[in-house]
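As a plain string of letters, each chain reads:
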Amino acid sequence: MQINGRPPANWGEFRVSSSDRPVLIVGGGLAGLTVARLIHRAGIDFRLLEARVRLGGRILSLDASGQASRDGFDLGPSWFWPDMQPWFERFVDDLGLASFAQQNDGDVVLHRFSREAPQRFGAMGEAPRSMRLVGGTASIVSALAAGLPQESIELGARATGARLDGDDVELSLIDAGGVERSYWSSQIVFALPPRLLEATVAFTPRIDEKSARRWRDTPTWMAPHAKFFAVYDRPFWFEKGLSGTAQSMV
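In this text the structure is predicted, and so the values were computed from the model without any measurement.

This next bit is on helix 2 (residues 86-94). All of the buried residues in helix 2 are Phe88, Phe91 and Val92. Angularly, the buried residues of helix 2 cover 95 degrees about the axis, an arc narrow enough to put them on a single face. Exposed and facing more than 90 degrees away from the buried side of helix 2 are Trp87, Arg90 and Asp93. Two residues or fewer after helix 2 comes Gly96, characterised by a positive phi angle close to 75 degrees.

Here it is in C-alpha coordinates:
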(Lines give C-alpha, C1' and ligand atoms only; values in the text may rest on other atoms or scores of the structure.)
Protein backbone atom coordinates (compact mmCIF):
# COMPACT_ATOMS: atom_id res chain seq x y z
CA MET A 1 0.00 0.00 0.00
CA GLN A 2 1.17 3.55 -0.52
CA ILE A 3 0.48 7.14 0.22
CA ASN A 4 0.92 9.42 -2.79
CA GLY A 5 -0.24 12.93 -1.97
CA ARG A 6 -3.62 11.64 -0.73
CA PRO A 7 -4.97 8.21 0.14
CA PRO A 8 -5.59 6.31 -3.11
CA ALA A 9 -8.94 4.73 -3.87
CA ASN A 10 -7.31 1.32 -3.61
CA TRP A 11 -4.77 0.96 -0.77
CA GLY A 12 -3.11 -1.85 -2.70
CA GLU A 13 -2.25 0.21 -5.76
CA PHE A 14 1.36 1.08 -6.53
CA ARG A 15 2.70 3.76 -8.84
CA VAL A 16 6.31 4.75 -9.36
CA SER A 17 7.10 8.24 -8.14
CA SER A 18 8.46 10.84 -10.52
CA SER A 19 9.75 12.90 -7.58
CA ASP A 20 13.47 13.34 -7.01
CA ARG A 21 12.90 12.37 -3.38
CA PRO A 22 13.54 8.73 -2.51
CA VAL A 23 10.53 6.45 -2.22
CA LEU A 24 10.19 5.43 1.43
CA ILE A 25 9.64 1.74 2.17
CA VAL A 26 8.52 0.82 5.68
CA GLY A 27 9.31 -2.80 6.47
CA GLY A 28 12.38 -4.87 5.57
CA GLY A 29 10.76 -8.28 5.24
CA LEU A 30 10.25 -10.20 2.01
CA ALA A 31 7.67 -7.73 0.69
CA GLY A 32 9.69 -4.60 1.47
CA LEU A 33 12.92 -6.04 0.08
CA THR A 34 11.15 -7.14 -3.10
CA VAL A 35 9.68 -3.66 -3.58
CA ALA A 36 13.13 -2.15 -3.01
CA ARG A 37 14.60 -4.51 -5.60
CA LEU A 38 12.00 -3.55 -8.21
CA ILE A 39 12.40 0.18 -7.53
CA HIS A 40 16.20 -0.07 -7.60
CA ARG A 41 16.07 -1.95 -10.91
CA ALA A 42 13.95 0.88 -12.31
CA GLY A 43 16.69 3.35 -11.39
CA ILE A 44 14.67 5.09 -8.70
CA ASP A 45 16.11 6.08 -5.33
CA PHE A 46 14.58 4.57 -2.22
CA ARG A 47 15.09 4.40 1.52
CA LEU A 48 14.08 1.24 3.31
CA LEU A 49 13.28 1.55 7.03
CA GLU A 50 13.15 -1.56 9.23
CA ALA A 51 12.20 -1.48 12.91
CA ARG A 52 14.26 -4.55 13.77
CA VAL A 53 18.05 -4.56 13.77
CA ARG A 54 18.01 -7.18 11.03
CA LEU A 55 16.31 -7.64 7.68
CA GLY A 56 13.89 -10.45 6.89
CA GLY A 57 10.88 -9.73 9.08
CA ARG A 58 9.18 -13.04 9.84
CA ILE A 59 11.86 -14.92 7.88
CA LEU A 60 14.54 -16.07 10.31
CA SER A 61 17.09 -18.88 9.94
CA LEU A 62 19.34 -19.73 12.89
CA ASP A 63 22.31 -22.02 13.44
CA ALA A 64 22.53 -24.63 16.21
CA SER A 65 23.65 -21.98 18.72
CA GLY A 66 20.64 -19.79 17.99
CA GLN A 67 22.49 -17.16 15.97
CA ALA A 68 21.26 -15.82 12.64
CA SER A 69 22.84 -17.78 9.83
CA ARG A 70 22.85 -17.97 6.04
CA ASP A 71 22.75 -21.76 6.39
CA GLY A 72 20.43 -22.46 9.28
CA PHE A 73 17.18 -23.81 10.65
CA ASP A 74 14.01 -21.96 9.71
CA LEU A 75 12.08 -20.47 12.61
CA GLY A 76 9.89 -18.62 10.13
CA PRO A 77 8.50 -19.90 6.82
CA SER A 78 10.15 -23.08 5.57
CA TRP A 79 8.45 -24.36 2.42
CA PHE A 80 7.10 -23.31 -0.92
CA TRP A 81 4.98 -25.24 -3.40
CA PRO A 82 5.92 -24.76 -7.07
CA ASP A 83 2.71 -26.42 -8.29
CA MET A 84 0.61 -23.86 -6.43
CA GLN A 85 3.10 -20.96 -6.51
CA PRO A 86 4.81 -21.01 -9.92
CA TRP A 87 5.49 -17.27 -9.58
CA PHE A 88 7.49 -17.92 -6.42
CA GLU A 89 9.49 -20.66 -8.13
CA ARG A 90 10.37 -18.17 -10.87
CA PHE A 91 11.33 -15.65 -8.19
CA VAL A 92 13.66 -18.18 -6.54
CA ASP A 93 15.20 -19.05 -9.91
CA ASP A 94 15.68 -15.37 -10.72
CA LEU A 95 17.63 -14.96 -7.48
CA GLY A 96 19.81 -17.94 -8.42
CA LEU A 97 18.86 -19.95 -5.33
CA ALA A 98 18.94 -23.74 -5.09
CA SER A 99 16.06 -25.77 -3.66
CA PHE A 100 15.35 -29.36 -2.69
CA ALA A 101 12.28 -31.48 -1.96
CA GLN A 102 11.16 -31.99 1.61
CA GLN A 103 12.02 -35.53 2.75
CA ASN A 104 8.77 -37.41 3.40
CA ASP A 105 9.58 -41.09 2.77
CA GLY A 106 8.40 -43.33 5.60
CA ASP A 107 5.45 -43.57 7.99
CA VAL A 108 3.95 -40.77 10.04
CA VAL A 109 2.96 -40.74 13.73
CA LEU A 110 -0.34 -39.26 14.91
CA HIS A 111 -1.42 -38.80 18.55
CA ARG A 112 -5.14 -38.04 18.48
CA PHE A 113 -6.41 -38.68 22.02
CA SER A 114 -4.82 -38.63 25.47
CA ARG A 115 -6.43 -41.99 26.28
CA GLU A 116 -4.70 -43.63 23.33
CA ALA A 117 -1.08 -44.23 22.48
CA PRO A 118 0.33 -42.52 19.38
CA GLN A 119 -0.60 -44.38 16.19
CA ARG A 120 1.58 -45.13 13.18
CA PHE A 121 0.20 -44.69 9.69
CA GLY A 122 1.56 -45.64 6.33
CA ALA A 123 3.12 -42.93 4.26
CA MET A 124 1.06 -41.16 1.66
CA GLY A 125 2.48 -39.44 -1.37
CA GLU A 126 2.63 -35.69 -0.87
CA ALA A 127 0.82 -33.54 -3.39
CA PRO A 128 1.70 -30.86 -4.14
CA ARG A 129 5.38 -31.34 -3.38
CA SER A 130 6.98 -29.17 -0.70
CA MET A 131 10.29 -27.52 -1.52
CA ARG A 132 12.88 -25.94 0.74
CA LEU A 133 15.76 -23.60 0.02
CA VAL A 134 19.38 -24.62 0.42
CA GLY A 135 20.72 -22.64 3.37
CA GLY A 136 17.26 -21.93 4.75
CA THR A 137 14.65 -19.37 3.77
CA ALA A 138 16.93 -16.55 4.93
CA SER A 139 18.92 -17.17 1.74
CA ILE A 140 16.20 -15.16 -0.01
CA VAL A 141 16.79 -12.23 2.32
CA SER A 142 20.55 -12.40 1.79
CA ALA A 143 20.16 -12.53 -1.99
CA LEU A 144 17.76 -9.58 -2.08
CA ALA A 145 19.85 -7.46 0.30
CA ALA A 146 23.05 -8.18 -1.64
CA GLY A 147 21.58 -6.48 -4.70
CA LEU A 148 20.62 -3.27 -2.89
CA PRO A 149 22.73 -0.23 -1.98
CA GLN A 150 23.41 -0.60 1.72
CA GLU A 151 23.36 3.16 2.28
CA SER A 152 19.65 3.08 1.34
CA ILE A 153 18.78 0.70 4.20
CA GLU A 154 18.25 1.87 7.77
CA LEU A 155 17.78 -0.68 10.55
CA GLY A 156 16.34 0.00 13.99
CA ALA A 157 14.07 2.69 12.51
CA ARG A 158 10.51 2.34 13.85
CA ALA A 159 7.86 4.31 11.95
CA THR A 160 5.39 6.07 14.24
CA GLY A 161 3.38 8.42 12.04
CA ALA A 162 2.55 9.52 8.49
CA ARG A 163 1.23 13.02 7.81
CA LEU A 164 -0.04 14.28 4.47
CA ASP A 165 0.88 17.81 3.42
CA GLY A 166 -0.36 18.57 -0.07
CA ASP A 167 1.43 16.27 -2.49
CA ASP A 168 4.03 15.27 0.09
CA VAL A 169 3.99 13.06 3.13
CA GLU A 170 6.07 13.29 6.31
CA LEU A 171 7.04 10.00 7.88
CA SER A 172 7.92 10.18 11.58
CA LEU A 173 10.17 7.55 13.15
CA ILE A 174 12.33 6.71 16.12
CA ASP A 175 15.80 5.66 15.02
CA ALA A 176 18.17 3.08 16.49
CA GLY A 177 19.54 5.67 18.90
CA GLY A 178 16.10 6.51 20.26
CA VAL A 179 16.01 9.87 18.45
CA GLU A 180 12.77 11.09 16.87
CA ARG A 181 13.29 12.05 13.23
CA SER A 182 11.26 12.39 10.05
CA TYR A 183 11.60 11.94 6.29
CA TRP A 184 9.71 13.67 3.52
CA SER A 185 8.69 11.97 0.30
CA SER A 186 5.98 11.94 -2.33
CA GLN A 187 5.43 8.20 -1.86
CA ILE A 188 5.56 5.69 0.97
CA VAL A 189 5.17 1.95 0.63
CA PHE A 190 4.04 0.20 3.81
CA ALA A 191 5.22 -3.40 3.65
CA LEU A 192 4.06 -4.86 6.94
CA PRO A 193 0.97 -6.72 8.21
CA PRO A 194 -2.12 -4.45 8.06
CA ARG A 195 -3.09 -4.88 11.70
CA LEU A 196 0.46 -4.07 12.80
CA LEU A 197 0.38 -0.95 10.63
CA GLU A 198 -2.93 0.16 12.13
CA ALA A 199 -1.67 -0.41 15.67
CA THR A 200 1.72 1.30 15.39
CA VAL A 201 1.49 4.14 12.83
CA ALA A 202 -0.65 7.25 13.43
CA PHE A 203 -2.05 8.72 10.21
CA THR A 204 -2.85 12.39 9.68
CA PRO A 205 -5.54 12.78 8.47
CA ARG A 206 -6.86 9.69 10.18
CA ILE A 207 -7.61 6.59 8.16
CA ASP A 208 -11.36 6.14 7.79
CA GLU A 209 -12.82 3.72 10.30
CA LYS A 210 -13.88 1.19 7.68
CA SER A 211 -10.31 0.83 6.42
CA ALA A 212 -8.89 0.83 9.95
CA ARG A 213 -11.29 -1.93 10.96
CA ARG A 214 -10.40 -3.94 7.87
CA TRP A 215 -6.70 -3.62 8.72
CA ARG A 216 -7.32 -4.67 12.33
CA ASP A 217 -9.39 -7.66 11.24
CA THR A 218 -6.93 -8.92 8.63
CA PRO A 219 -5.22 -11.94 10.21
CA THR A 220 -1.46 -12.32 9.95
CA TRP A 221 -0.66 -15.78 8.62
CA MET A 222 0.75 -18.11 11.34
CA ALA A 223 0.91 -15.23 13.87
CA PRO A 224 -0.29 -17.34 16.85
CA HIS A 225 2.16 -20.16 16.13
CA ALA A 226 5.61 -20.84 17.55
CA LYS A 227 8.44 -22.93 16.15
CA PHE A 228 11.49 -24.58 17.67
CA PHE A 229 14.15 -26.92 16.41
CA ALA A 230 15.81 -29.93 18.01
CA VAL A 231 19.18 -31.30 16.88
CA TYR A 232 19.88 -35.04 17.09
CA ASP A 233 23.12 -37.00 16.76
CA ARG A 234 21.63 -39.20 14.05
CA PRO A 235 18.29 -39.50 12.18
CA PHE A 236 17.07 -42.46 14.26
CA TRP A 237 13.57 -42.22 12.78
CA PHE A 238 14.86 -43.37 9.38
CA GLU A 239 16.11 -46.57 11.02
CA LYS A 240 12.52 -47.27 12.12
CA GLY A 241 11.02 -46.52 8.73
CA LEU A 242 9.54 -43.19 9.86
CA SER A 243 9.45 -40.03 7.81
CA GLY A 244 10.12 -37.76 10.77
CA THR A 245 6.64 -36.25 10.55
CA ALA A 246 4.55 -36.46 13.73
CA GLN A 247 1.45 -34.65 14.91
CA SER A 248 -0.20 -34.47 18.31
CA MET A 249 -3.73 -33.27 19.02
CA VAL A 250 -2.98 -33.76 22.74
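All right, on to the pairing of strand 12 (residues 168-174) then. Sheet analysis places strand 11 (residues 158-165) next to strand 12, joined by seven bridges and oriented antiparallel. Along strand 12, the bridge assignment pairs Asp165 with Asp168. In this sheet, strand 13 (residues 180-185) lies alongside strand 12 in antiparallel orientation, the contact comprising six bridges. Note that in strand 13 the partner of Ser172 across the bridge is Ser182. The loop that links strand 12 with its antiparallel partner strand 13 comprises five residues; one of these, Gly178, has a positive phi angle of about 85 degrees.

The next thing to look at is the sheet that holds strand 13. Overall, mixed pairing links the four strands, which are arranged 13-12-11-15 in an open sheet. Of all the strands in the sheet, the pair left with one neighbour each is strand 13 and strand 15 (202-204). Direction aside, neighbouring strands of the sheet carry axes that sit 20 degrees apart on average. Relative to strand 15, strand 11 is paired through three bridges, and the arrangement is parallel. Looking at strand 15, one finds that Ala162 is bridged to Phe203.

Before going further, it helps to examine the sheet that holds strand 7 (residues 107-111). For sheets, the rule is that strands pair by backbone hydrogen bonds, running either parallel or antiparallel. Spatial ordering of the open sheet is given by 8-7-16, a layout of three strands whose pairing is mixed. Taken across any chain shown, the strands that pair with only one partner, and hence form the sheet edges, are strand 8 (119-121) and strand 16 (242-248). The mean inter-strand angle of the sheet, taken between neighbouring strand axes irrespective of direction, is 25 degrees. As defined by bridge partners, strand 7 adjoins strand 16 across four bridges and the pair is classed as parallel. Bridge pairing in strand 16 links His111 to Ser248.

In this section: the nonpolar core. Among the nonpolar cores identified, the biggest contains 26 residues, and Ile25, Leu33, Phe46, Leu48, Leu55 and Ile140 are the most heavily contacted of them. Breaking this core down by element, the ones donating at least two residues are strand 2 (23-26), helix 1 (30-41), strand 3 (46-50), helix 2, strand 9 (131-133) and helix 3 (138-146). If you tally residues by element for this core, the top one is helix 3, at five residues. Ignoring anything within four residues of it in the chain, the contact list for Ile140 reads Leu30, Phe88, Phe91, Leu95, Leu97 and Leu133. Membership of the second largest hydrophobic core comes to 19 residues, among which are Val26, Leu49, Ala159 and Leu173.

Analysis parameters
Residues numbered from 1 in each chain as written. Predicted model: local features only at pLDDT ≥ 70, side-chain atom pairs only at ≥ 80, totals over all residues. Heavy atoms only, no water. Buried < 20%, exposed > 50% of the residue type's maximum accessible area, 1.4 Å probe, protein only. Helix = DSSP H or I, 4+ residues; strand = E, 2+ residues; numbered from the N terminus. Arc of directions from axis to C-beta. Pairing = 2+ DSSP bridges. Axes fitted to C-alpha atoms, helices over the stretch in contact; angles between N-to-C directions. Core = buried A, V, L, I, M, F, W, Y, C linked by side-chain atoms within 4.5 Å. Contact = heavy atoms within 4.5 Å.

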